[in-house]
Amino acid sequence: MLLSFRKTLRKTNDQNLHSQKSVCFQMSKPPGPPAMSDGPPATTDWAKCLFWVAHKKRFCNIHRVSGSDFCGTHRPNSQDKNTDHSNSNSSSPPIADSHERIPCPLDPSHTIRKSKLASHLRKCNAAKQADAITSNPFYSKGCNSGATSVSPVSPPIIDVDGAVAFAKVLLKIYSEKLAPTVKDRHLSSSEEKLGLKESIDRFQIPSGGAKHIEQQGGIIGNMRKVGLLDAEGKNEESMVLEMGAGRGILGLIVSGVLTRRRLSATSGTVVPKKRKLEGASVGGAGNAIADCDCGLEKRKTKLVMVDYCSVRRKADTVFRRNADDSAPDSYLNLKDVEITRIKCDLAHVNLPKVVSETDGAKGGSSNCVFIAKHLCGAGTDIALRSLQTLTESGKRVRGAAFATCCFGVCNYDEYVGRDFLTELFREEGVHFGRKEFELVRRWAGSARNDSSHKEENRGSGDNDNDNDNDNDNDNDNDNDNDNDNDNDNDNKNDNDNDNDNDKNSTSARKVARVLTLQSKEELAKACKVIIDFGRSKFLETQGMDVELCHYCDESVTPMNCLLLGKERGGGSNGSNGSNDSDN
């Protein structure tokens, strides 16, 4: 009886304590701005900025400037023409012209006082960053750009009949010539058996979730299959160039795998696949490799990551954290990877200088492997042109792997496959030029694929700029800039939003309906392959054997096409025989 009473008393005390903690927590949490469902209220007791943030359905959460009902950014003279400030119940005096705010000419993401424009331009961070980039020896304005001129007007519009006739020829070319050459080769499972997931967990690599691991495994598996991860000669070091790197996770894994090449420095023998040697790694799975001084040479691999913007949770942190990690790993070797990060627009990066400076006193002895994962639209074409500058300068490029995406924002002036597509369509008696490319681009970009793709972008965790900071002018562009680049959205600027009921509409949906296709996705898929085919032909002119393949299932990402090239005559096909089966 007494024991039961004590238990009841203890339980009551615990509940009271929990209730007190909850009350304290609720009292200490500052109240947020009131949220409304149908616009701002006529009157409010909100004590902070009265600027109404329409897409958040609430007021701005920043403190007011003295003498005003608004914060410094949202004063009535801040040139924000899209917001009605008449809902404030303030009677603040008119603001002097000296307080008028305008967008910064160097970086429109923030505003400044018009009266202080001259002084701001001298100290703006955007100006400092631009000066730091242009002063670097690798900067060469427009060196990788193919746009020699800007079209003054939009390309001529093709009528409905012309668009339908062109689509018929396009679908014929795709089904008869291109579709049979694009293989489904999903090799992520092979990489997982070799220890991909275990190494990601061990090194605490922010890979972005299961879908991104599958994509990374698929790309690496295909690179391994064609021999891009094979060992090279004793006197050569490998350099991985990741274009549009973002956080650089793919480059981290590729360079780590490349450093783990199985080549004997003395006899050239390979460690047997299924023989687990004494002292082998315990962190991997499957085919563990001995990490000892028994003739197995681990040469340095250099990783160069090029991207225009800064991101969080970068691969650089993983390298620093594991710099002194001497424990063996059967899949990755990060200790023997040297990293260089370059912040610059891809169009202006002089890669021959980058490679020479990275090699230093060795005089450019590295052989280069290009990689890019979901490099948006014309960015892929600019990266391909940068590869051309390397080959023309005499540098050795062993191969390239480009996972393409965002076809809706491709650009005719930058596109590297114009001549090849012109010849391809000429064989069918059809002209191909700017206006036809515009149709292909629009149709390819119309593939707003299913909800699984949206869920990938929403929940992958790979894009980490999830700030909801009202200091950013309360116009939070929830664009998560990663560039592992896994913003696979192909919905940007596709301009394929014609009214399908309009008899002059040339939208993908309208054309697909006229051609009695099952859906516009059929037409969009053909257009994507057509665009990548032109890129593959360009890559062939750089002395490579090239193939297109689907490196993962569309349920993982609809942007699943891989442009894979290997130096012509560069060795055997396949590195260890583990990835020989095509799905």
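The structure this text deals with has already been given above.
Figured I'd write up the structure that's included with this text. (Residues numbered from 1 in each chain as written. Predicted model: local features only at pLDDT ≥ 70, side-chain atom pairs only at ≥ 80, totals over all residues. Heavy atoms only, no water.)

1. Examining the overall build of the chain
No. 1: In terms of helices and strands, the chain carries 16 helices and 12 strands.
No. 2: Counting the 583 residues in the chain, one finds 49% classified as buried.
No. 3: In the chain, 75% of the contacts between residues at least 6 apart in sequence involve partners at least 24 apart.
No. 4: Working note: accessible area of the chain is about 28,000 Å², and carbon and sulfur atoms make up 48% of it. (Helix = DSSP H or I, 4+ residues; strand = E, 2+ residues; numbered from the N terminus. Buried < 20%, exposed > 50% of the residue type's maximum accessible area, 1.4 Å probe, protein only. Contact = heavy atoms within 4.5 Å. Areas by Shrake-Rupley, 256 points an atom, 1.4 Å probe, with all protein chains shown as cover.)

2. Let's talk about the sheet that holds strand β11 (residues 544-550)
Sheet strands pair via backbone hydrogen bonds, and the direction of the pair is either parallel or antiparallel.
No. 1: Here we have eight strands laid out as an open sheet, ordered β5-β11-β12-β10-β9-β6-β7-β8, and mixed in their pairing. Whereas interior strands pair on both sides, the edge strands pair on one side only; in this sheet they are β5 (183-184) and β8 (337-343).
No. 2: For strand β10 (residues 396-405) and strand β12 (residues 561-567), the ladder comprises five bridges, and the chain directions are antiparallel. Bridging across to β12, Gly399 finds its partner in Lys566.
No. 3: Lying on the sheet, helix α11 (residues 378-392) is in contact with β6 (238-243), β9 (367-376), β10, β11 and β12; it crosses β9 at an angle near 170°. (Pairing = 2+ DSSP bridges. Axes fitted to C-alpha atoms, helices over the stretch in contact; angles between N-to-C directions.)

3. Quick notes on the side chain of Asn333
No. 1: Structurally, the position occupied by Asn333 is in the loop between α9 (315-321) and β8.
No. 2: Among the residues examined, Asn333 registers a relative accessible area of 8% and is labelled buried.
No. 3: Polar contacts involving the side chain of Asn333 include one to the main-chain amide nitrogen of Lys335, which spans 3.2 Å. (Polar contact = N/O pair within 3.5 Å; in protein donor to acceptor, adjacent residues only side chain to side chain.)

4. Quick notes on a positive patch on the surface
No. 1: Together, Lys116, Arg122, Lys123 and Lys128 make up a positively charged patch on the protein surface.
No. 2: Residue placement: Lys128 occurs in helix α3 (residues 125-134).
No. 3: The exposure class assigned to Lys128 is partly exposed, which follows from its relative accessible area of 49%. (Patch = residues over 30% accessible without salt bridge, like charges linked within 9 Å, V, L, I, M, F, W, Y side chains within 5 Å. Salt bridge = Lys/Arg side-chain N within 4 Å of Asp/Glu carboxyl O. Lys, Arg positive; Asp, Glu negative; His and termini not counted. Charge placed at Lys NZ, Arg CZ, Asp CG, Glu CD.)

5. Structural notes on the pattern of salt bridges
Opposite charge on two side chains lets them pair, provided their charged atoms get close.
No. 1: Here the structure, examined in full by the defined rule, presents 17 salt bridges.
No. 2: We note a salt bridge from Glu414 to Arg385, for which the minimum N-O separation is 4.0 Å. Residue Glu414 is located in the loop between β10 and α12 (418-426), and its partner Arg385 is located in helix α11; the two are separated by 29 residues in the primary sequence.
No. 3: Given the relative accessible area of 15%, Arg385 is considered buried.
No. 4: A salt bridge links Glu438 to Arg441, with the shortest nitrogen-to-oxygen separation between them at 2.6 Å. Taken together, the positions of Glu438 and Arg441, both in helix α13 (residues 434-445) and three residues apart, correspond to about one turn of that helix.
No. 5: Overlapping salt bridges, with partners in common, bring together Lys172, Lys177, Glu427 and Glu428 in one network.

6. Considering the pairing of β9
No. 1: Of all 10 residues in β9, nine are buried; the element is thus mostly enclosed.
No. 2: Sheet topology note: the β6/β9 ladder contains five bridges and is parallel. In the sheet register, Val240 faces β9, and the bridge partner there is Val369.
No. 3: Examined bridge by bridge, β9 and β10 share nine bridges and lie parallel to one another. Opposite Leu375, over in β10, you have Thr404 as the bridge partner.
No. 4: On the question of chirality, the crossover connecting β9 to the parallel β10 by way of α11 is right-handed. (Right-handed = clockwise from strand over helix to strand, strands pointing away.)

7. Describing the packing of α13 against helix α16 (residues 520-540)
No. 1: Between α13 and α16, the shortest axis-to-axis distance is 7 Å and the interhelical angle comes to 125°. Classified by the interaxial angle, the pair formed by α13 and α16 is oblique. For α13 against α16, the interelement crossing comes out left-handed. Packed against α13, whose contacting residues are Val440, Trp443 and Ala444, the element α16 presents Leu523, Ala524, Cys527, Lys528 and Ile531 at the interface. (Parallel < 35°, antiparallel > 145°, perpendicular 65-115°, else oblique. Left-handed = near helix turned anticlockwise from the far one by under 90°.)

8. Here's the deal with the packing of aromatic side chains
No. 1: The final tally for this structure, using the stated rule, is seven aromatic pairs.
No. 2: When the ring of Phe166 is compared with that of Trp443, the centres are 6.3 Å apart and the planes differ by 40°; the resulting orientation is tilted. On the criterion of sequence distance, the pair formed by Phe166 in helix α4 (residues 160-178) and Trp443 in helix α13 is long-range, its members being 277 residues apart.
No. 3: Under the relative-accessibility criterion, Phe166 is labelled buried at 5%.
No. 4: Among the aromatic side chains, those forming a connected cluster through ring pairs are Phe166, Phe425, Phe432 and Trp443.
No. 5: Taking NZ or CZ as reference, Arg418 lies 5.4 Å from the ring centre of Tyr412, over its face. (Phe/Tyr/Trp six-rings, centres within 6.5 Å; stacked < 30°, edge-to-face > 60°. Lys NZ or Arg CZ within 6 Å of the ring centre and 35° of its normal.)

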